[in-house]
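# Report on the structure
One-letter residues, chain by chain:
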Amino acid sequence: MENISFILNKLEDAIIVLDSEQKIVFQNSHSIDLFENNYTGQNITNLIRSPIVLETLENVYKNKKTKIIEYSSEYGQNLSPRSTNFYNVEISYEKNHLQLTNTKDNYVILMKNITPLKNIEKVRSSFIANVSHELKTPLATIMGFLETIRGPAKDDQKSMSKFLGIMDKETIRMKRLIDDLIVVSKIESDEHIHPTKKVNLLKIIDNVAESLKEYAMKKNIKIRFNHQLSEGLFVLGNEDELVQVFTNIIDNSIKYGKINSSIDIKAEEVKEQTDQSEDKKLFPQIILKISVKDESDGIHAKHLSRLTERFYRVDAARSKEIGGTGLGLTIVKHILNKHRGHLDIKSEINQGSTFTVELPIAPIS
Ligand code: ADP
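Every value quoted in this text rests on a predicted model; they were computed, and no experiment measured them. (Residues numbered from 1 in each chain as written. Predicted model: local features only at pLDDT ≥ 70, side-chain atom pairs only at ≥ 80, totals over all residues. Heavy atoms only, no water.)

Attention now moves to the overall build of the chain. Along the backbone of the chain there are 11 helices and 12 strands. By the compact-globule yardstick of 21 Å for 365 residues, the chain is too spread out, its C-alpha radius of gyration being 30 Å. When burial is assessed residue by residue, the chain has 42% of its 365 residues classed as buried. Considering the chain, the positive charge centre built from 50 side chains and the negative charge centre built from 50 side chains are found 3 Å apart. (Helix = DSSP H or I, 4+ residues; strand = E, 2+ residues; numbered from the N terminus. Rg over C-alpha atoms; globule rule 2.2 N^0.38 Å. Buried < 20%, exposed > 50% of the residue type's maximum accessible area, 1.4 Å probe, protein only. Lys, Arg positive; Asp, Glu negative; His and termini not counted. Charge placed at Lys NZ, Arg CZ, Asp CG, Glu CD.)

What follows is the structure in structure tokens.
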């Protein structure tokens, strides 16, 4: 008996065993923690007051058939005094002697906390709602103009070409959104696989800055990249993904930057301040810090911590107008996580923003 309770006490699930009189004959450790007391010897109604659980229990006492219900402490009375958790509650009848209690005719209540699963479900469904919303708007626009072209504007060449232009823009927006979604889902699924190939980060940034120069010139924005580091600095990374990181950041600086302004990119090597293990003190990690400073309107402090959330935008209308998907910084965050890197955002209203990427320099081997 001791062996069995030892094992049951190790379980993450709460277990309560009742006798034929609804008296508690066993509670495992998790159930004692959950209800903050050991109720052995008392009636189950002293422990559980939820009508739905008690009704199900009555039913099992009557029919001797296992029942499983989902219980959330948000409804009705509390099952557990301190939680707003979700549980799968399985109530079963055991006719034979349980070694654990030495009694016949026992009823076992097994409570599995499914709150983490529920949270994932919630995140997933809000993500689906967001994606549907993002796609619905351009699609509705395209459908509206199609109808107009087929109907009232059928013979009006000028309006037709204007509407086709709008439809083209909306189609591109949907395509961009779908492309970004594919990138997010791919990166999220292999975020735990850290890259092992050495890549020259300064060269990558140079190339990205060069490729965006023409776009920046349209707003008369100058991109400057200054550093005093040796050109042969490597990080462990996936080249395409790091190109994407700096493309997204610099592209944002152009998109949100003022006309006739500059973007300053700086690179520096920093020894990671560590007070951790002895090993780290002997071999401090060297970090490559890349900062991209722009001259935009700036971002209010209250938004900064949320900018990397999917579809989070300071000004949704403005972002959509300039072709944003609201996923650029989400992609940046996931790629940097994969590279054991970090993104820091500083901004002040009317002063512009600085996006700083930190990546560990590859060990010399
Ligand atoms: P979007 O496609 O909307 O640009 P991002 O994920 O790249 O999406 O950025 C999220 C939001 O962060 C943007 O909508 C914008 O409000 C804000 N943002 C990002 N970069 C800048 C920047 N350089 N200057 C000002 N605001 C920025």
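Following the structure, the description resumes.
This next bit is on the packing of aromatic side chains. Per the stated rule, a full pass over the model turns up four aromatic pairs. Aromatic side chains Tyr61 and Tyr107 sit 3.6 Å apart centroid to centroid with 15 degrees between the ring planes, which places their arrangement in the stacked category. You can see Tyr61 sitting in helix H3 (residues 51-63) and its partner Tyr107 sitting in strand E5 (residues 106-113), a full 46 residues away along the chain. We note that Tyr61, like Tyr107, is buried. When the centroid spacing of 6.3 Å and the interplanar angle of 25 degrees are considered together, the rings of Phe127 and Phe311 count as stacked. Taken together, the positions of Phe127 in helix H4 (residues 115-150) and Phe311 in the loop between helix H9 (301-304) and helix H10 (316-321) put the pair 184 residues apart, joining distant regions of the chain. With relative accessibility at 11%, the residue Phe311 sits in the buried group. One residue, Arg310, lies across the ring of Phe127, its end atom 4.2 Å from the ring centre. (Phe/Tyr/Trp six-rings, centres within 6.5 Å; stacked < 30°, edge-to-face > 60°. Lys NZ or Arg CZ within 6 Å of the ring centre and 35° of its normal.)

Another point: unusual backbone geometry. With a phi angle near 60 degrees, Glu36 is a residue other than glycine that sits in the positive phi range. Along the polypeptide, Glu36 turns up in the loop between helix H2 (29-35) and H3. Look at Asn220: it is not a glycine, yet its phi comes out positive at around 55 degrees. Residue class for Asn220 comes out partly exposed when judged on its relative accessible area of 34%.

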